[in-house]
Amino acid sequence: VNKEAKRAYSTIETSNPLQNLYLHLLLSQLYATTKDTDHWQDACRILKCLEYSEEHTSELVWLVDSIQLYTLEVKVDFTTRIVEFLRGIVVYLAKCPRDEHNEDLLRTATIMAAEWLISRQSSDNGNLPPRYILSHQDVGSDEENQEMFVLVDNQRLSPSERLQRTLTLYQGSQKTDSSSDFVIRTLLIPIMAIESFAAENGGVSIPDAVPCNQRDDLRCSLEGLWDLWEGGFNQSDLLRFVLALVVPPSSPGEGTQSAMIEPLLNEYIQQIDRSPARITEKAFRFISATLEHSLTTGTTKDELDLQLQDLRSLDPWLSLHVDNILGRRPTPPIAALERETTLDSRVIAIVARKRLNLYLSSTIEPEPDILTLLLQSDDPAISLEAFGQGVNLQESPLADESEGQNPGSPRPFTFASLEQDKRSRLISRFFDPQQSTSMCQSVWIMFTEDLFPRWGRIPADWRRDIAKALVAATEWMEKGQRILAMEVKQWHGIRASGKAKEMIGATVLALVNHGDIGHHWKRKVSLEARDERFQERLDACAQVYLLLFASAIEELGESAKPHTQDIVNFLVDLTDMLYNEDAIGRIQHVLGILRSM
Amino acid sequence: MVLILNQTSYQLRNTSDTVPDSSEDGPDMLDRLAGIALTTSLGLVSFTIILALVLKHMLYSFLPNWGTHHDPEEQARSRELSAQRLRRRGVPIPFDTLPLFMALSGVSFLIACGLTILVLSITATAVFLVLQVCMALLLFRLFQFRPPNGKAIHAWGRRIISAFSHEADLDPEIADVGIPNCLFIHTSMVPKNFSIFTQLFAHPVEHSRCRVTSLAPWSQLSSILPSMLLKIYSQSNLSLVPALRLCLVVSSQSGRG
């Protein structure tokens with residue numbers, strides 16, 4: 001039954017976010033014990049992006065109200081997973097208009113779910129009788145199961161009374177110090193934030209209403225509020241809420257956002273006991289976003305730099321991140337960055353991505369040593385991006401007299417210092433047949449936009465290694481073929497105008513005719529970006545697919561001949577979408593086979 | 001002739017002037033009783049006729065337009081929907097009681113006739129009594145009358161109460177008690193009934209009476225759910241979300257089992 005169900009749920013393709021949400025929840029039940037794609041996380045992600053509509057609201061009411069029924073299979077990280085899901089609901093709640101009946105129900109259901117999680121901690125086996133948001137009156141006196149239906153008074157309360165009720169729940173969860181309670185508090189905090197702003201419209205002052213700062217409050221807040229920030233909630237309001245937690249209400253004048261950075265950071269550093277290892281991904285994202293937001297609200301870079309000295313001193317990667325935010329060249333020496341760090345790998349990945357995006361979006365020239373360091377990252381996406389940017393860098397002549405060479409002379413290959421074994425490991429990672437579809441697409445985009453136009457500029461030993469790996473990676477090539485052919489087919493189906501086709505054809509030609517253009521188009525968009533131009537980029541990849549393969553075979557020359565049979569088999573099964581007459585001719589020429597193939 | 005008539009008139013006048021004795025009291029009482037019985041039977045007959053007309057009107061207004069449905073399954077669903085609407089409007093209760101009223105009106109008419117004849121002749125009364133019994137037996141046989149059970153009366157009462165409460169504002173499509181569970185019990189679990197099952201999960205959550213409160217029996221569906229979902233997916237005119245809801249809760253229940 002499970003196999004059949006997996007097949008059915010994976011077959012259904014829909015653009016409706018609600019249906020996708022359900023499908024991911026269903027798949028998460030089936031893949032609960034495996035290490036495959038985390039469908040629960042995917043469901044949470046959909047929730048956070050869900051736009052407001054009445055249909056969505058009433059559907060979410062059902063989902064939250066029935067959460068006890070379909071989460072029976074969640075065995076690992078139960079509280080964390082449910083809280084993640086409910087935080088997605090809170091993000092959605094923040095998008096709902098006020099005074100809407102279903103919004104009221106949804107909030108009530110969410111608070112009830114939080115109560116359920118709290119009471120679940122205290123129950124013996126974690127199995128509580130199901131409770132729903134409905135009233136006794138609605139059920140009728142003759143129902144046998146009326147204890148299942150409990151009305152939370154919340155629905156009838158005024159906003160300030162509702163806030164008080166959530167605060168009581170929050171304070172109740174503070175009495176114990178278990179990790180589950182911490183997680184539940186990361187759910188209650190965003191609910192409190194939403195209730196606070198609703199109460200503020202009724203004349204309640206947030207600093208007076210929000211409880212004074214206790215241990216772990218700020219950690220919970222940053223963890224819980226990041227989802228709201230990411231979901232588009234008013235950033236200044238969120239910062240005001242955090243400020244109310246950090247700065248006591250008795251100190252007026254401390255309320256400006258630029259002035260809050262220092263106490264906020266000091267408080268956070270204190271709460272994590274000055275240990276970088278305790279910095280969580282979401283809190284880090286929140287702090288980064290706060291720092292960037294302060295730059296847009298009048299704080300100068302120098303002021304901010306001064307306020308962040310304490311953060312810089314904790315870890316060289318944090319120092320690099322400060323440089324990223326300020327848009328400056330890296331301050332910490334590369335040796336310090338190469339040393340072991342206690343920072344969470346997800347936090348390091350944020351810093352690395354930020355640095356790479358800075359190179360793409362600003363005039364700062366990429367530093368080869370930083371690129372080489374990031375090329376060796378454990379995260380394959382970061383490593384790929386660094387490689388692409390390193391290859392791109394080949395075209396920029398040296399601007400200064402660094403490394404003992406004259407300005408204007410061709411620069412040495414960015415990754416020339418990389419040892420042979422590291423290079424082999426890196427190249428084999430490009431062609432890993434186990435990589436995800438998204439990663440495979442990114443690799444093809446890198447080949448098309450970075451590597452292929454500059455094929456002749458990279459060192460011969462690198463070219464040969466890549467060519468060897470590409471010709472041997474038939475499994476990976478076939479996977480790429482399926483992905484590209486499918487995507488391009490859809491894209492062609494959507495694209496109606498012949499004019500657009502001509503335009504894209506021109507772009508592709510500009511990309512592939514690398515010999516005719518002195519200075520190539522420099523990539524400005526990250527490989528991971530999945531924006532509206534993504535399909536267009538993949539279409540260009542399909543055009544380059546066989547040309548790149550032909551270049552690799554030309555690179556190998558005579559040594560490609562032992563693989564002739566495999567190559568011919570591969571070419572025979574090639575889909576029409578990726579066929580290229582010129583590339584086929586080049587391959588046949590190298591392999592010395594007749595054109596009648 | 002005129003003399004005879006005057007004599008008779010004189011005798012009658014004398015009789016009416018005298019104090020009535022007990023033997024003359026009976027026919028007057030019977031007269032009145034006969035009048036009351038006749039009036040009652042007339043009233044009952046009128047009420048029964050009006051009730052029958054109202055029922056006919058309701059049936060007519062809820063009758064779907066069969067001509068537009070070519071698909072037998074679609075016809076069946078329309079018929080089921082129509083039956084549900086009739087049930088929600090309380091039509092089955094008057095249906096149950098209509099034979100009672102018809103029988104009552106018939107019996108009361110016979111009693112009234114009997115009383116009227118009794119006033120006239122004892123022999124005729126005896127004949128009518130026999131006829132009355134025969135007619136009553138025939139009526140009971142003909143309509144197969146069953147008194148409405150207590151549950152139906154209780155449900156009717158609740159419906160009347162709810163008509164005056166806030167629930168009257170709810171969508172009438174979903175305001176009935178326990179329809180999902182009743183339907184579930186009376187619907188065999190075969191693929192052609194999927195659309196009925198999925199509709200049970202299509203109601204907004206706040207309408208508690210439509211909630212499927214016991215999920216345990218639904219686990220029987222778990223083995224056919226994937227094919228059901230694909231079938232609904234292939235029929236683009238049907239909404240997938242109720243079916244997905246059903247899958248979500250049922251598959252988790254079966255996993256628990």
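Conventions we followed
- Residues numbered from 1 in each chain as written.
- Chains lettered and ligands numbered in written order.
- Predicted model: local features only at pLDDT ≥ 70, side-chain atom pairs only at ≥ 80, totals over all residues.
- Heavy atoms only, no water.
- Helix = DSSP H or I, 4+ residues; strand = E, 2+ residues; numbered from the N terminus.
- Buried < 20%, exposed > 50% of the residue type's maximum accessible area, 1.4 Å probe, protein only.
- Contact = heavy atoms within 4.5 Å.
- Axes fitted to C-alpha atoms, helices over the stretch in contact; angles between N-to-C directions.
- Parallel < 35°, antiparallel > 145°, perpendicular 65-115°, else oblique.
- Left-handed = near helix turned anticlockwise from the far one by under 90°.
- Nonpolar A, V, L, I, M, F, W, Y, C, P; charged D, E, K, R; others polar.
- Salt bridge = Lys/Arg side-chain N within 4 Å of Asp/Glu carboxyl O.
- pLDDT = per-residue confidence, 0-100.
- Patch = residues over 30% accessible without salt bridge, like charges linked within 9 Å, V, L, I, M, F, W, Y side chains within 5 Å.
- Areas by Shrake-Rupley, 256 points an atom, 1.4 Å probe, with all protein chains shown as cover.
- Phe/Tyr/Trp six-rings, centres within 6.5 Å; stacked < 30°, edge-to-face > 60°.
- Arc of directions from axis to C-beta.
- Expected span 1.5 Å × (residues − 1).

Looking at this structure, I do not really get the overall build of chain B. What am I missing?
From N to C terminus, chain B includes 10 helices and 0 strands. Ordered by position in the sequence, the α and β elements of chain B form the string α-α-α-α-α-α-α-α-α-α. Considering chain B as a whole, with its 257 residues, one finds that 33% of them fall into the buried category. In chain B, 69% of the contacts between residues at least 6 apart in sequence involve partners at least 24 apart.

Help me understand the packing of helix α9 (residues 159-174) of chain A against helix α10 (residues 179-201) of chain A in this model?
Helix packing for two helices is described by the angle between their axes and how far apart those axes are. Residue and element names in this part refer to chain A. Interaxial distance between α9 and α10 falls to 9 Å at its minimum, and their mutual angle equals 160°. What the angle tells us is that α9 and α10 run roughly antiparallel. Along this stretch, α9 crosses α10, giving a crossing that reads as left-handed. For the pair α9 and α10, contact is made by Pro-159, Ser-160, Arg-162, Leu-163, Thr-166, Leu-167, Leu-169, Tyr-170, Ser-173 and Gln-174 and by Asp-181, Arg-185, Leu-188, Ile-189, Ile-191, Met-192, Glu-195, Ser-196, Ala-198 and Ala-199, respectively. Grouping the amino acids of the contact of α9 with α10 by side-chain chemistry returns 11 nonpolar, 5 polar and 4 charged.

Any chance you could explain the pattern of salt bridges here in plain terms?
Pairs can form between side chains of opposite charge whenever their charged atoms are close. All names here are of chain A. Applying the stated rule across the entire model yields 39 salt bridges over all chains. Here Asp-461 and Arg-423 are joined by a salt bridge, their closest N and O atoms 3.0 Å apart. Taken as a pair, Asp-461 in helix α25 (residues 460-472) and Arg-423 in helix α23 (residues 420-430) lie far apart in primary sequence, 38 residues in all. The class for Arg-423 is buried, based on a relative accessible area of 8%. For Arg-537, the salt bridge is made with Glu-449, and the minimal N-O distance between the two is 2.9 Å. On the criterion of sequence distance, the pair formed by Arg-537 in helix α28 (residues 534-556) and Glu-449 in helix α24 (residues 437-451) is long-range, its members being 88 residues apart. The two residues Arg-537 and Glu-449 agree in class, both being buried. Connected through salt bridges with shared partners, the residues Lys-48, Glu-84, Arg-87, Asp-227 and Lys-282 form a single ionic network.

Just checking my understanding: could you explain unusual backbone geometry for this structure?
Peptide bonds are trans in most cases, and residues, glycine excluded, mostly fall at negative phi. All names here are of chain A. Positive phi is not limited to glycine here, since Asp-77 has a value of about 50°. Structurally, Asp-77 is set in the loop between α5 (67-70) and α6 (78-95). At Arg-274, a position not held by glycine, the phi torsion is positive, near 55°. Relative to the assigned elements, Arg-274 resides in the loop between α14 (257-271) and α15 (281-296). What makes Arg-274 partly exposed here is its relative accessible area of 44%.

What's the story with the confidence of the model for chain B in this structure? I'm lost.
Regions with low pLDDT carry predicted coordinates that are not meant to be interpreted in detail. Residue and element names in this part refer to chain B. With 43% of its residues at a pLDDT of 70 or more, chain B has an overall mean of 65. Helix α6 (residues 150-164) is the least confidently modelled element of chain B, averaging 48 in pLDDT, while helix α9 (residues 225-234) averages 81, the highest of any element. Scored below 50 in pLDDT, residues 15-24 makes 1 contact in the model with residues more than four places away or belonging to other chains. Every residue in residues 160-179 scores below 50 in pLDDT, and together they form 28 contacts with partners more than four places removed in sequence or on other chains. What the predictor reports for the complex is a pTM of 0.68 with an ipTM of 0.71.

Can you help me understand the side chain of Glu367(A) in this one?
Looking at where Glu367(A) falls in the secondary structure, it is placed in the loop between α20 (345-361) and α21 (368-375). For Glu367(A), the contacting residues outside a window of four places in its chain are Arg329(A), Pro330(A), Arg355(A) and Tyr359(A).

Just to check I follow, could you spell out the packing of helix α22 (residues 380-393) of chain A against α23(A) for this structure?
Residue and element names in this part refer to chain A. Where α22 meets α23, the axes come as close as 11 Å, and the angle between the chain directions of the two elements is 110°. The angle between α22 and α23 falls in the class roughly perpendicular. Of α23, the residues touching α22 (which contributes Pro-380, Ser-383, Leu-384 and Phe-387) are Leu-426, Arg-429 and Phe-430. Of the residues assigned to the contact of α22 with α23, the class counts are 5 nonpolar, 1 polar and 1 charged.

Would you mind going over a nonpolar patch on the surface with me for this structure?
Nonpolar side chains collect at one region of the surface, where Val45(B), Ile49(B) and Leu53(B) lie side by side and expose about 260 Å² of accessible area between them. Tracing the sequence through the fold places Leu53(B) in helix α2 (residues 25-62).

I keep staring at the packing of aromatic side chains and nothing clicks. Help me out?
Think of a pair of aromatic rings as described by two things: how far the centres are apart, and how the planes are tilted against each other in angle. All names here are of chain A. Counting across every chain of the model gives 25 aromatic pairs over all chains. Each ring, one from Phe-78 and one from Trp-116, has its centre 6.0 Å from the other, and the planes form 80°; the classification is edge-to-face. Here Trp-116 lies in helix α7 (residues 101-122) and Phe-78 lies in helix α6, a separation of 38 residues in the sequence. Each member of the pair, Phe-78 as well as Trp-116, is classed as buried. Geometrically, the ring pair formed by Phe-447 and Trp-476 is edge-to-face, given 6.2 Å between the ring centres and 75° between the ring planes. Of the two residues, Phe-447 is situated in helix α24 and Trp-476 in helix α26 (residues 474-494); the sequence distance between them amounts to 29 residues. Take Phe-447: its relative accessible area is 0%, and that puts it in the buried class. The buried category is assigned to Trp-476, whose relative accessible area is 0%. Three or more aromatic residues link up through ring pairs in this structure, and these residues are Phe-387, Phe-413, Phe-415, Phe-430, Phe-431, Trp-444, Phe-447, Trp-462, Trp-476, Tyr-545, Phe-549 and Phe-570.

What's the story with α23(A) in this structure? I'm lost.
Because an α-helix packs 3.6 residues into every turn, residues spaced three or four apart end up facing the same way. Turning to α23(A), its buried residues number three or more, namely Arg423(A), Leu426(A), Ile427(A) and Phe430(A). Looking straight down α23(A), one finds that the buried residues subtend no more than 95° of arc, so they occupy a single side.

Before we go on, may I ask you to explain α6(A) in this structure?
Taking 1.5 Å as the rise per residue, α6(A) with 18 residues should run 26 Å; its terminal C-alpha atoms sit 27 Å apart, in good agreement. Within α6(A), 14 of the 18 residues are buried, which leaves the element mostly enclosed by the surrounding structure.

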